[in-house]
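Spelled out from the first residue to the last, the chains are:
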Amino acid sequence: MQGSTIDPPETTLDEVVPSSTELHEEIHTDLRVWGLLTFLISESLMFGGFFASYLVLRGESAAWPPEGTEVELLLPTLNTIVLVSSSFVIHLGDTAIKKDDVHGLRRWYIVTALMGAVFLAGQVYEYLTLGYGLTTNIFSNCFYLMTGFHGLHVFIGLLLILGVLWRSRRSGHYSISKHVGVEMAEIYWHFVDIIWIVLFTLLYILTIF
Amino acid sequence: MTQVEDFRDVTVTDGSHNSPPKAWKWYDYFTFNIDHKVIGIQYLVTAFVFYLIGGLMAVAIRVELTTPDSDLLDPNLYNAFMTNHGTIMIFLWIVPSAIGGFGNYLIPLMVGARDMAFPRLNAIAFWLNPPAGALLLLSFLFGGSQSGWTAYPPLSLVTANTAQTLWILAIVLVGTSSILGSVNFVITILKLKVPSLRWEQLPLFCWAILATSVLALLSTPVLAAGLVLLLFDINFGTSFFKPEAGGNVVLYQHLFWFYSHPAVYLMILPIFGIMSEVIPVHARKPIFGYKAIAYSSLTICVVGLFVWVHHMFTSGTPPWMRMFFTISTLIVAVPTGVKIFGWVATLWGGKIRFTSAMLFAIGLLSMFVVGGLDGITLGTAPFDLHVHDTYYVVGHFHYVLFGGSVFGIYSGIYHWFPKITGRMTNETLGRIHFALTFVGTHLTFLPMHHLGLQGMPRRVAMYDPQFTTINQLCTVGAFVLAASVIPFTINMIWSWLNGAKAGDNPWNALTLEWTTSSPPLIENWEVLPVVTHGPYDYGMNPQNAGVNNDQTIPVT
Ligand code: HEM
Ligand SMILES: [Cu+2]
């Protein structure tokens, strides 16, 4: 979708317009990855706002978490392992398409999607078994809001991965030279992962101390 | 310097990039169109409609304040008008017109690109705005949000919950729009610049929009976080901002001002960019201190992120913080001063053409100095403690927002109208417009400083009778301002239909947007221009300065 508003997007990729001089060459590179990165910097500051608020509220409160709203540790740790390893798995998919291996791409993206689904299911299970809810106290406010918001991002990441899988059915849609969508889904997935690591540290690990 | 009408025939020497130019039809402007010029116009026109709505609210507010009692609007409705007036003016008029309107229209033209980096995203960003405005208007069915544009809890938690929720959704929509728009600007400027345009030849408007976009990207999401928490507090029983349940009200103020102080720069940096374009063209002189002005935009962008607590000196802020933020606030005024001096030095000894655009630019200079000096007094904690939340603050921000931002938008409209429409505006109407706006602004907002120093609080529908006369003066001023919009609107509509033909470059300006036709063809140029000189080389040796627009003549 770069550059031209009239020509269909396909034809504008790496298109060089013949013209009288070198200076008139028009090269359109795909900038979507740059756009996504810029957007994610911004998005991470939204989590930054939540993190900062959390730390302020935590600093003011005598017991954190208050009696009766302790967090569970075992399941979330397993969940963390699943999510963090899925970041490596998705990278295998990206590596595959860089070798023009669409099957490899599909295989690893399916595994990633499954791992993401396991993470979300674990999250929901945790919510159901915790014994306290969003409104119980200020800690649980933060807990549900932050994990919920992150969960929403995981869900979006999952949709992106499924989108890539859907498109990859058409042979030739992704190839060694054309796989921006694959990369974008991967970058987004890493982002979701990094946010989770911070979140896990703040909400779980720090509450032990 | 002669006006060059027909240079197109020498520029088009070879096969064009795209299909034959076709012009958009009127109805294309009401659709999901992805041409950056259409989107720019959509932003400008939509924002202007909201300006009129917000203006009507302002008139209602001022009419209410002609008498000490609350007679026209009951206090709740007054608060709803006051809140939505501020919200609309900031989020649906100044931000979308200055950044969305001028930014979208001009950035690709100025950097020599055929469109923005992500045209579809650009259209999405625009189309988030009208629903946001609709939500605000809809909120009046539920009493209208009443807690000011700042929406501080606890007030925002206890007044008109449904309306406040709609308000939050509206702000989240415009915030998203602004983030998406900023992604587009950053990538377009950094990546789509035509190769022959060197960085030190980038028009200052582009530097300004770059700084603005970075600021928006870094600060808007923090506001979004604060508003999400507020939304949950209002609707889902959480207590982030409820001290009685372990929450913290001041936390909201930090989240809010971490965005909203930078937001004042979102509203003024693009205007500074417009100033840096308009003044050299109409003074026929190179801009004084190109680098200083470019770097000062970037400095403002960085330092502006660390001054927000100057809005919170009276919020139980500890002394060390007051000290720190007083100092940082005084520091951030320096780059602003650098720009002002740059423009004054550009005017100095220039062959000034008092066009409508230039009148508004010079008017802006004078107004902004008043507002900026007010700002410095307010930034000093010991003084601010006395005048915080009084009309002195209202005076300050209207000098910078009306005398600054709105004057700048007017100036930009007069300057680029010939490019956008292909027709000239009427100078007589422009002068009437300027005179009314200039007088109206001073009349409305200068006396407010006095009111504030005497202790009249802001955001009240009723006040002590001793303030009556001065308030009536302000109301007269408000009517003058309301009247000033009439010649402007007539001028715009009439000129668009019947104005004299403008030609490609009626001002003999040197930036790239003037090298294409007026209005520009759909993908801006048949052949992308080659830059042969700086953007502000006015009055230079003709060999070095392309006063005849020879930059579009392909090198043979
Ligand atoms: C020289 C630069 C400036 C300085 C030092 C400055 C300083 C300040 C300070 C300290 C306040 C808080 C006053 C109080 O609430 O007690 C304030 C309020 C405000 N300023 Fe400025 N300012 C400057 C320029 C601007 C500009 C350029 C704009 C917008 C275009 C702006 C818009 C506002 C607004 C909207 C408020 C009121 C916010 C509210 O409480 O509703 N200021 N300014
Ligand atoms: Cu401020």
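These lines cover the structure that appears in this document, whether it is placed above or below. Numbering of residues starts from 1 in each chain and follows the order in which that chain's sequence is written. For this description, chains carry letters from A and ligands carry numbers from 1, given in the order in which they are written. With pLDDT at 70 or above as the cut-off, local features in this predicted model cover only qualifying residues; side-chain atom pairs require 80 or more to be listed or tallied, and sums for whole chains, interfaces and linings still use all residues. Remark: hydrogens and water are excluded; side-chain values derive from all non-hydrogen atoms of the structure.

The subject of this paragraph is the overall build of chain B. A count of helices and strands for chain B gives 16 helices and 0 strands. The C-alpha radius of gyration of chain B comes to 23 Å, within 12% of the 24 Å expected for a compact globule of 556 residues. Classification of the 556 residues of chain B by burial places 65% in the buried group. Between two residues, a contact is recorded if the distance between any of their heavy atoms is within 4.5 Å. Relative to all contacts within chain B whose residues are 6 or more apart in sequence, the contacts with residues 24 or more apart total 82%. About 19,200 Å² of surface is accessible on chain B, with carbon and sulfur atoms providing 71% of the total. Helix and strand labels come from DSSP, where a helix needs a run of H or I of at least four residues and a strand needs a run of E of at least two; each type is numbered from the N terminus. With C-alpha atoms as the basis for the radius of gyration, the globule rule is written as 2.2 Å multiplied by the number of residues raised to the power 0.38. Exposure categories follow from relative accessible area, calculated using a 1.4 Å probe and restricted to protein chains: below 20% of the type maximum is buried, above 50% is exposed, and the middle band is partly exposed. The Shrake-Rupley method, run with a 1.4 Å probe sphere, supplies the accessible areas, and residue values consider only the shown protein chains as cover.

What follows concerns the side chain of Asn184 of chain B. Along the chain, Asn184 of chain B falls in helix H7 (residues 161-191). For Asn184 of chain B, the residues in contact, after removing those within four places along its chain, are Met116, Ala117, Phe118, Leu121 and Asn122 of chain B.

This part covers the site of ligand 1. All names here are of chain B. Near is defined per residue: the residue qualifies when any heavy atom it owns lies within 4 Å of the molecule or strand. In the region of ligand 1, 23 residues are neighbours, and Trp149, Asp384, His388, His396 and Arg458 sit closest. Whenever two N or O atoms come within 3.5 Å, that pair is a polar contact, provided that in protein one can donate a hydrogen and the other can accept it, and provided that, for residues adjacent in sequence, both atoms are side-chain atoms. Within the side chain of Trp149, a nitrogen or oxygen atom sits 2.8 Å from an oxygen atom of ligand 1. A distance of 2.8 Å separates an oxygen atom of ligand 1 from a polar atom in the side chain of Arg458. Listed by contribution, the elements that provide at least two residues to the shell around ligand 1 are helix H9 (249-283), helix H12 (356-379) and helix H14 (391-421). Here the nonpolar group is Ala, Val, Leu, Ile, Met, Phe, Trp, Tyr, Cys and Pro; Asp, Glu, Lys and Arg are the charged ones; every other residue, Gly included, is treated as polar. For the shell around ligand 1, the class distribution of residues is 11 nonpolar, 9 polar and 3 charged.

Here the focus is the packing of helix H10 (residues 290-303) of chain B against helix H11 (residues 319-347) of chain B. Residues and elements named next belong to chain B. Each axis is a line fitted through C-alpha atoms, taken for helices only over the stretch in contact, and angles between the N-to-C directions span 0 to 180 degrees. Following both chains from N to C, one finds H10 and H11 inclined at 160°, their axes separated by 9 Å at the closest point. As summarised for this structure, H10 and H11 are arranged roughly antiparallel, according to the angle between their axes. The two elements H10 and H11 meet at a crossing, and its hand is left-handed. In this structure, H10 uses Ala292, Ile293, Ser296, Ser297, Thr299, Ile300 and Val303 to contact H11, whose residues at the interface are Ser328, Ile331, Val332, Pro335, Thr336, Val338, Lys339, Gly342 and Trp343. Classifying every residue of the contact of H10 with H11 by side-chain character gives 9 nonpolar, 6 polar and 1 charged. Put simply, angles under 35 degrees are roughly parallel, angles over 145 are roughly antiparallel, angles from 65 to 115 are roughly perpendicular, and the rest are oblique. Each crossing is labelled by how the near helix is turned from the far one, with a counterclockwise turn of less than a right angle marking it left-handed and a clockwise turn marking it right-handed.

So, about the pattern of salt bridges. For this analysis, a salt bridge means a side-chain nitrogen from Lys or Arg found within 4 Å of a carboxyl oxygen belonging to Asp or Glu. Tallied over the entire structure, the rule returns 6 salt bridges over all chains. Asp389 of chain B is the salt-bridge partner of Arg458 of chain B, the closest N and O atoms lying 3.8 Å from each other. Of this pair, Arg458 of chain B sits in the loop between helix H15 (427-453) and helix H16 (468-498) while Asp389 of chain B is found in the loop between helix H13 (381-387) and H14, placing the two residues 69 residues apart along the sequence. On the basis of relative accessibility, which here comes to 35%, the residue Asp389 of chain B falls in the partly exposed class. Via salt bridges that share partners, Asp94, Lys98 and Glu183 of chain A belong to a single interconnected network.

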